[in-house]
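Overview (structure and organization)
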Amino acid sequence: MKKQSLAMAVTLAVSAMAQAQTDADGNLVIEINKGLPQLETTVRETTTGVQASPVSDGGELLKSLTGVSGIRMGGRAIDPVIRGQKETQLNILLDGGYIHGGCPNRMDPPTAYTSVESYDRVTVIKGNRTVVYGGGGSGGTVLFERDWPMIDEKGYNVDLSGSYEDNSDKWELGADAAVGSDEGYIRFIAHKSEGEDYEDGNGNTVDSEYKSESNAVLAGIRLGEYTTLQASYEKSGEEDVEFPGAKMNSPFADSESTRLKLAHQFQSGALQQLKLDLYQSDVEHLMDNASMSAPSTSDTDGFRLLLEANAADIDWTFGADMQNNERNAVGISNATNMVVFSHWPGVSIDQMGLFVEGEKALGEDDVLKAGLRYDRIEASASRATQPFGNMGMNTPTTLYNQKYGTTDTDSTENNIGGLISWTHRLSTQYTLETTLSRSVRTADASERYIAVNKMGTKWVGNPQIDPEKHHQLEVSLASDMEKLNWMLSGWYNQVDDYILRQKVAGDDIYRNVDAELYGIELEASYQLDANLTLGANLAWLQGKNEDDNTDLSRISPLELTTSLDYVQQNWKVGAELKLVDGQDNVCLNSTSCGGQDVRTTPGYGLVNLHGEYRLPAGVTVAMGVDNLLDKSYTLHESRDDLSAGNTVPFQVAEPGRNLWLKVSGRF
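Please read these numbers as outputs of a predicted model, since none were measured by experiment.

Within the protein chain, the secondary structure is distributed over 3 helices and 37 strands. The C-alpha atoms of the protein chain give a radius of gyration of 24 Å, which matches the 26 Å a tight globule of 667 residues would have. Referenced to the eigenvectors of the C-alpha coordinate spread, the extents of the protein chain come out at roughly 70 × 60 × 50 Å. Put simply, the protein chain has 667 residues, and 57% of those count as buried. A sequence separation of at least 24 residues applies to 64% of the contacts in the protein chain between residues at least 6 apart. In the form shown here, the protein chain has an accessible surface area of approximately 26,400 Å², with 54% of it arising from carbon and sulfur atoms.

For Arg441, the position within the fold is in strand E25 (residues 430–441). Looking at Arg441, the relative accessible area reads 4%, which means it is buried. In this structure the side chain of Arg441 is engaged in a polar contact, spanning 2.8 Å, whose partner is the side chain of Thr88. When near neighbours in sequence (up to four residues on either side) are disregarded, Arg441 contacts Thr88, Gln89, Gly136, Glu447, Pro467, Glu468 and Ile499.

Below, the discussion takes up the sheet that holds strand E7 (residues 85–86). Taken in spatial order, the 3 strands line up as E5-E6-E7 in an open sheet, and their pairing is antiparallel. Each edge of the sheet is formed by a strand with only one pairing partner; in this case those strands are strand E5 (68–71) and E7. Here E5 runs beside strand E6 (residues 79–82); their pairing, made up of 4 bridges, is antiparallel. Bridge assignment links Ile71 to a residue of E6, and that residue is Asp79.

The grouping of Glu213, Glu239, Asp240, Asp254, Glu256, Asp282, Glu284, Asp301 and Glu326 at the surface amounts to a negative patch. Sorting the residues of the negative patch by element identifies strand E17 (227–241), strand E18 (249–265) and strand E19 (271–288) as the ones contributing at least two each. Secondary-structure assignment places Glu326 in strand E21 (residues 314–333).

This paragraph deals with the pairing of strand E36 (residues 619–626). Put simply, side chains in a regular strand alternate between the two faces of the sheet. Of all the 8 residues making up E36, 6 are buried; the element is thus mostly covered by neighbouring parts of the structure. In terms of strand pairing, strand E35 (residues 604–614) meets E36 through 6 bridges, oriented antiparallel. In the sheet register, Leu609 faces E36, and the bridge partner there is Val625. Between E35 and the antiparallel strand that follows it, E36, lie 4 residues; Gly618 among them carries a positive phi value of about 90°. One ladder, built from 8 bridges, connects E36 with strand E37 (residues 658–666); its direction is antiparallel. Within E37, the position partnered with Val619 by the bridge is Gly665.

Right, let's get into the nonpolar core. With 26 residues, the main nonpolar core has Val347, Tyr400, Tyr449 and Tyr510 as its most contacted residues. Of all elements in the fold, only strand E22 (339–361), strand E23 (366–381), helix H2 (396–404), helix H3 (445–449), strand E26 (451–454), strand E27 (457–460) and strand E30 (507–527) reach the threshold of two or more residues within this core. Those residues within four positions of Tyr400 in sequence are excluded, and the remaining contacts are Pro345, Ala384, Gly405, Thr406, Thr409, Arg448, Tyr449, Ile450, Ala451, Val460, Gly461 and Pro463. With 20 residues, the next largest nonpolar core counts Leu61, Val68, Val122 and Ala253 among its residues.

Let us look at a nonpolar patch on the surface. Where nonpolar side chains cluster on the molecular surface, the patch consists of Leu362, Leu368, Ile420, Trp422, Leu436, Leu473 and Val475 and spans about 580 Å² of accessible area. At the level of secondary structure, the elements contributing two or more residues to the nonpolar patch comprise strand E24 (411–425) and strand E28 (468–480). Note that Leu436 resides in strand E25.

Evaluation of the coordinates by the stated rule reveals 1 disulfide. One disulfide in the model links Cys587 with Cys593; its S-S distance is 1.8 Å. Taking the sign of the S-S torsion, about -110° here, the bridge from Cys587 to Cys593 comes out left-handed. Here the two residues Cys587 and Cys593 agree in accessibility, since each one is buried.

Sheet topology places strand E13 (residues 184–195) next to strand E16 (residues 210–224); 12 bridges connect them, and they run antiparallel. Looking at the pairing, Tyr185 lines up with Gly220 of E16. Two elements, E16 and E17, share 13 bridges in a ladder whose sense is antiparallel. Within E17, the position partnered with Leu218 by the bridge is Ser232.

What counts, and at which threshold
Residues numbered from 1 in each chain as written. Predicted model: local features only at pLDDT ≥ 70, side-chain atom pairs only at ≥ 80, totals over all residues. Heavy atoms only, no water. Helix = DSSP H or I, 4+ residues; strand = E, 2+ residues; numbered from the N terminus. Rg over C-alpha atoms; globule rule 2.2 N^0.38 Å. Buried < 20%, exposed > 50% of the residue type's maximum accessible area, 1.4 Å probe, protein only. Contact = heavy atoms within 4.5 Å. Areas by Shrake-Rupley, 256 points an atom, 1.4 Å probe, with all protein chains shown as cover. Polar contact = N/O pair within 3.5 Å; in protein donor to acceptor, adjacent residues only side chain to side chain. Pairing = 2+ DSSP bridges. Patch = residues over 30% accessible without salt bridge, like charges linked within 9 Å, V, L, I, M, F, W, Y side chains within 5 Å. Salt bridge = Lys/Arg side-chain N within 4 Å of Asp/Glu carboxyl O. Lys, Arg positive; Asp, Glu negative; His and termini not counted. Charge placed at Lys NZ, Arg CZ, Asp CG, Glu CD. Core = buried A, V, L, I, M, F, W, Y, C linked by side-chain atoms within 4.5 Å. Disulfide = S-S within 2.5 Å.

In structure tokens, the structure reads:
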């Protein structure tokens, strides 16, 4: 796949799967609302809403999309939020496998381990539209994917890229080289980036320094005419990363990931294809400050066996997957070099799943799709009975008993989810899609077992907390005309046993409540003439705790983005206006509500400009300015700014005016 020069190819999937391909000029063609061949497809030839400027990781890329935001804690490691859902409410896969971060405070969400330019395709599936990629996924699924490289007749491809941003004196260099043919290949990917502190719109310095490096080697071989085997090894490292939203920094975060993929196409019978993905990822992380250090590890391994078939005029996808995650983390006093508490006391979460999906055409205008999934979860904490430092004889189980009246740390769940979706072509212009789903999201390691007792303040997980049950209804209407294309989606999510983190009497605990989330999203583009396109994206979201009728935390405010793009054969320019409303529907951490919101956040408006020119030699030069008017603003979802001297509630601020330059090319 030929890579775009301005931004990663992001597929905004409205159906369970979306497909992307390149046209004759190397521009990405994105297909959405794709049903069976009997239905016409809605095709968009732009990546409207995708951030044009360089991004530090996958989270920063995703937050530029409609209905997606992010939680900022520093200069990188943006934690994505899709439709008000975050963390393990999202299924995020990197090249077919899961990686769970090593930091209990989420300094390293999975997207922090993505050098975006090293992936060929990013697919975003909003909501619960497939049962294939694991249990849960109520907020959505994000797939960072690498393809078998398409190597031209000379036998090799080399992609080089570099970028610079003036606000943080940030630079990035990347190289992606592949040698081989359709019979086999070897591919090397390397990325390195460094950034200094940036300034917000008021000229204040935001601690945001970091260093990042990743290297990967991939190889593939065709074992037969219809069988391929691919393997990869990737090592990523972060150094000296500052997090004003954590009151601690990260001296390092290292990960090693191994992937093995086997694919076979059957030539007769009902079975059409077999895919087997094996993966392993090991993370070592350290966060510290003047008084304390907190080393941690997170090791994940698993597999997915997937079979595709056609029987009874139904396209079937079925299989099994497994995932195991082991986590350990402790807090160590720098003064005594003693372990004083345990974040994760030997946590193990095993998940084994079975799934089946079917899709059938009901005539020329209708497609019906349904899926069913079963997951068995087993969770335990092997070190929960061990005392830690200033706990004295107290143990994590002592804290669990104090807060929840239980010392039982073993838990088993049998979770069932599924979906049914109907796509109907109303006319040659309009397509209606309705999806009803249930997904079950098990609690993560912190929600179950975290056991922090620091200077009288406690943060305690609930080992017997129930899993979340999400029941969602979504209706989408899409229009595909000659000049005007738009898609309007409305969705409602009733959540039984929503896992709520709440501050009670100064301590953080977890409890189950009933909740609801609902929203509307609109995406539209209008071709003013052969070269000029007007775009608009709108997202509106609400979230309520139904037990006490308070607002849920970190709910994105109303947002409207309009864009104007002018495209010629070898160059294009664009302008973007983003308007974000203030957020007054909050659950503040400083009130009896005990939520995660920092404050009521004021609204803001931003102007971004960008341009691109493709040189005849295959080199593309792009440049632009983000936040042209140097506005001071914060994302409502972002963490408290805990920098020294900050005495008022305030989130970690976004960068002020930022000039950027990017050069890329294929040789």
